[in-house]
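Spelled out from the first residue to the last, the chains are:
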Amino acid sequence: MSETLPLSVVNNRRPDRWIRFDADRSVHLAVGKVELGQGIITALSQIAAEELDVALGRVRVLSGDTADAPDEGSTTSSQSIEVSGASVRLIAAEVRARVLDRLAQRLNCSPDELSVEDGAFMRGNAPTGHDYWNFAHEADLARDAEGNAPRKPHSSYRIVGTNAARLDLPAKLTGAAFIHDMARPDMLHARILRQPGRGARLVALDEAAIRRAAGGAFRVVRVGNFVAFVGEGETVVQRAATLALDHATWDNARRFAPDQQEAASLVGRPSIERIVGEPPPPDAPELMQAIYTRPFVAHAALAPSCALAEYRAGKLSVWSHTQGVYPLRQSLANVLGIERERITVRHAQGAGCYGHNGADDVALDAALIAMQVPDRCIRVQWRREEEFAFEPFSTAMSISLRAALDATGRPADWMAEIWAGTHVSRPSSGGNMLAAEALPTPAPEPKPQDPPEANGGGGTRNAVPLYDIPVKSVLHHLVTRMPVRTSAMRGLGALPNVFAMEGFIDELAERAGQDPVAYRLAMMSEPRARRVIETVARLANWSRGPAGTGRGFGIGFSRYKNRAAYAAVVVELDVDESVKLRRVWCAADAGLVINPDGARNQLEGGIIHAASITLKEQVTLGAEGVTSLDWDSYPILRFSEVPEITTELIAAPEHPSLGMGECTFGPTAAAIGNAVAHGLGTRIRAMPLTRERIMAALLPS
Amino acid sequence: MTRFEVNGQPVEVAAEAAVPLLDVLRNELDLKGSRYGCGLEQCGSCMVLLDGEPVYACSRELGSVAGRRITTIEGLAAHPLVAAFLEEQAGQCGYCLSGIVVSAAALLDRNPAPSRADIVAALDRHLCRCGAHTRILRAVERAATALREGLPA
């Protein structure tokens, strides 16, 4: 039985760890997935309310808490509805069934005679006087879930599939709602002087100069090359940390060459190689070849990372906007050398999280300080420049594509050669939290690794085309030494890979003299994939005029991870010296959709985020490190640059839910790349598609 | 001691004059809806109204608001904009929203019938990383209509 259970249930079999009924007639739902701005708390509440037959408003969610919520690992990879949603559905159905079975025994009737109306139990049409709140304790909810309770058919859903309003949005609109807003009575503020990089040594720190200029009291906490300024006043410690940049002397700090900020610099570096798909044919004729690149990009969350920690009576409590409270607890235990049972990590919401950002790092910062300053709550807030300089970036990628064509102009074999750093270096998967590298005994250098294909791959994510191509081969070079720390960001390698693949498909279509949509459909046999492509073409009234007019029209498609949601995107834009997005259409198939408006919000957000990366974003490096340290040097898409967006969700409730928070990422980048190529009449294969690149492309060669 | 008005209430703050208004609002007055995003006047998360005009609280020194009138998001909780944002589900993480509502309130105050371009211009100094822009623009339009017609958003 257990192999058919969702992973989160396998790891947390007791229903009473998930669901209990509180005295105020609410339902307490504890989950391990956390709210990152994606609306997961609302969607999981809908699923629980549906299966339990209670009003949505009765569900109160506790998410991400090592003391009181189940361990569901990390909130990543568009897995929350697929895995946690399936788990909550199964557990809620089992709770309902067990309680009704027990009531049937009590009433000496068949469970089939019983029903539930907003938590109250009915026999026929008559109230039994029993409900979850006065009767659930009679059932054994501590016994391991078996997964055999009947779940509702989707045709009877009343709450799942509706546009329930986000439960967390009102507080976020009007007041305190984020970890940044938490305040405890004995709280001290702290800021960090960051080690410039692994191996750098602090040889001098002019504390007196900092104190003279900071204008208030603080203490300096120093552990090896980890330095923190801690005090009652947030303004003062912020000043101290800013001043410290000019009053600290480091040696052994790494230096960078200008070209290290470009993806091309990765090609030929020492790497771990592997082949995904078929081995390339040894003597394949290479009729077409092109190299596509994307530079390093930042998560650039709107709020710099923040954490709170306190160490009292030998126990460490941490509040964090981490994606995984249990993995963070283990990582903290490893670094601090204390048993994980003495650590509690509780999730508190941060600004939008698109992957492995500074959340875990700042949690270690706070914990280290708390261990040095016990019995006080320590609140660490990163500075904006610190966030931009030290968050883990999404790796640059260079993707070389080659195809041999058959007589009809379609690819007969397809070969992708990818150069990239790691896409996942979470502390729980071999990476380091920053401060661990500054300690007197620094954490060892992480061993580079990338997610296996079973998890969707990292550098290889979406590198294998879904199209009907006889031979598909990917050679992945995982570059082992990178100029900057890289880790997981929305879609991992999917955005660069789909940008490259779908751009190259357009190049092949053009060579064959065929329309891009028709060309794709001619080599796509999967019905759900065809349907999103056909739907978006209809939405956008697809019909392309000649290239090079300045008005561009382009399409992009992928099925995220080749097994999550399907999405096709069409972009209309104007391009002269720069790109002005006009309209974007998107069709997506995510199977059973729990909250259609929430799903659309994710599609739209993914489109805008991907457009921003495609058109504008690049982490830049100077000799001493990252130079894109603010929103001027790391610009993102603004209100004046955002297109009109039309989305259509394919109705497919008979299919399981498919993760869709990342599904528009690759198709949007590809559609923009293809529309720019159409509008310009010449193709730019290097992101971002900036004014400089467009001007260079327009110069007569 | 600096005296000024916040959300219609007189306040006295002992902090030194050079302390950023944002730190005073958040840490002295417990008004957490104004948020730290950059401290550089680049993102708009900290936007408040100073005598009705939107200003960045992150860079505004306390001393400069003596005797003046500050409105934070907490003072706009009953504004039709808030209802309109909820109606449109205009947001994802929500971190940018309080500053955006503040700027939008100032816009609607001086221009009750803004065009889409007017709204874009008023919000263009605000950053939203999650990509809720199109919903936010619709929410401001909805609030403008509600205000003009005296209807709930």
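Residues numbered from 1 in each chain as written. Chains lettered and ligands numbered in written order. Predicted model: local features only at pLDDT ≥ 70, side-chain atom pairs only at ≥ 80, totals over all residues.

K.L.:
Please clarify how the sheet that holds strand 26 (residues 644–649) of chain A should be interpreted in this entry.
P.N.:
Strand pairing in a sheet relies on backbone hydrogen bonds. The paired strands run either parallel or antiparallel. Residue and element names in this part refer to chain A. Strands sit in the order 21-22-23-26 across an open sheet of four strands; the sheet is mixed. This sheet does not close on itself; its edge strands, each paired only once, are strand 21 (551–559) and strand 26. Taken pair by pair, the neighbouring strands of this sheet meet at an average axis angle of 15°, ignoring direction. Of the pairings in the sheet, the one linking strand 21 to strand 22 (residues 566–575) comprises nine bridges and is antiparallel in character. Across the sheet, the residue bridging to Arg559 is Tyr566, located in strand 22. (Pairing = 2+ DSSP bridges. Helix = DSSP H or I, 4+ residues; strand = E, 2+ residues; numbered from the N terminus. Axes fitted to C-alpha atoms, helices over the stretch in contact; angles between N-to-C directions.)

K.L.:
I'm lost on the domain arrangement of chain B in this one. Help?
P.N.:
A common way to state how big an interface is: give the accessible area lost once the parts meet. All names here are of chain B. Taken as a whole, chain B is organised into domain 1 (2–72) and domain 2 (78–149). For domain 1 and domain 2, the distance between their C-alpha centroids amounts to 21 Å. Listed as interface residues are 13 residues of domain 1 and, on the opposing side, 12 residues of domain 2. Contributions of two or more residues to the side of domain 1 that touches domain 2 are made by strand 3 (47–50) and strand 4 (53–56). Considering each element in turn, the side of domain 1 that touches domain 2 owes the most residues, three residues, to strand 3. Here the residues of the side of domain 1 that touches domain 2 sort into six nonpolar, five polar and two charged. (Domains from an automatic or database assignment. Contact = placed C-beta atoms within 7 Å. Nonpolar A, V, L, I, M, F, W, Y, C, P; charged D, E, K, R; others polar.)

K.L.:
Hey, could you run me through the domain arrangement of chain A in this one?
P.N.:
All names here are of chain A. Entries for chain A in the domain assignment read domain 1 (2–169), domain 2 (180–252 + 303–390) and domain 3 (397–698). Contacts between the two partners involve 26 residues from domain 2, matched on the other side by 23 residues from domain 3. Elements with a minimum of two residues in the side of domain 2 that touches domain 3: helix 8 (325–336), helix 9 (359–372) and helix 10 (384–390). Within the side of domain 2 that touches domain 3, the residues separate by chemical class into 11 nonpolar, nine polar and six charged.

K.L.:
Please explain the sheet that holds strand 18 (residues 397–405) of chain A as it appears in this structure.
P.N.:
Residue and element names in this part refer to chain A. With mixed pairing, five strands are arranged side by side in an open sheet as 12-20-19-18-13. Strand pairing shows two members of the sheet lacking a second neighbour, strand 12 (271–277) and strand 13 (288–294), which therefore form its edges. Taking each pair of neighbouring strands and ignoring which way they run, the sheet shows an average axis angle of 15°. Here seven bridges tie strand 12 to strand 20 (residues 471–479), and the two strands are oriented antiparallel to one another. Among the inter-strand pairings, Ser271 is bridged to a residue of strand 20, identified as Val479. In this fold helix 11 (residues 494–512) packs onto strand 13, strand 18 and strand 19 (411–420), with an angle of close to 150° to the strand it touches most, strand 13.

K.L.:
It is not clear to me how the pairing of strand 15 (residues 315–320) of chain A should be interpreted in this structure. Could you clarify?
P.N.:
A regular strand carries its side chains on alternate faces of the sheet. Residue and element names in this part refer to chain A. Here strand 14 (residues 306–312) runs beside strand 15; their pairing, made up of six bridges, is antiparallel. If you follow Ala307 over to strand 15, its bridge partner there is Ser320. Taking the residues between adjacent antiparallel strands as the criterion, strand 14 and strand 15 are bridged by two residues, where Ala313 takes a positive phi near 50°. With five bridges joining them, strand 15 and strand 16 (residues 343–347) adopt parallel strand pairing. Directly across from Trp319, in strand 16, lies its bridge partner Arg346.

K.L.:
Help me understand the pairing of strand 19 of chain A, please; the structure alone is not making it clear to me.
P.N.:
Residues and elements named next belong to chain A. With nine of 10 residues buried, strand 19 lies mostly within the body of the structure. As paired strands, strand 18 and strand 19 are joined by nine bridges and run antiparallel to one another. Note that in strand 19 the partner of Ala403 across the bridge is Trp414. Hairpin geometry of strand 18 and strand 19 is characterised by an intervening segment of five residues between the two adjacent antiparallel strands and by a positive phi of about 90° at Gly409. (Buried ≥ 20, exposed ≤ 12 C-beta atoms within 10 Å, placed from the backbone.)

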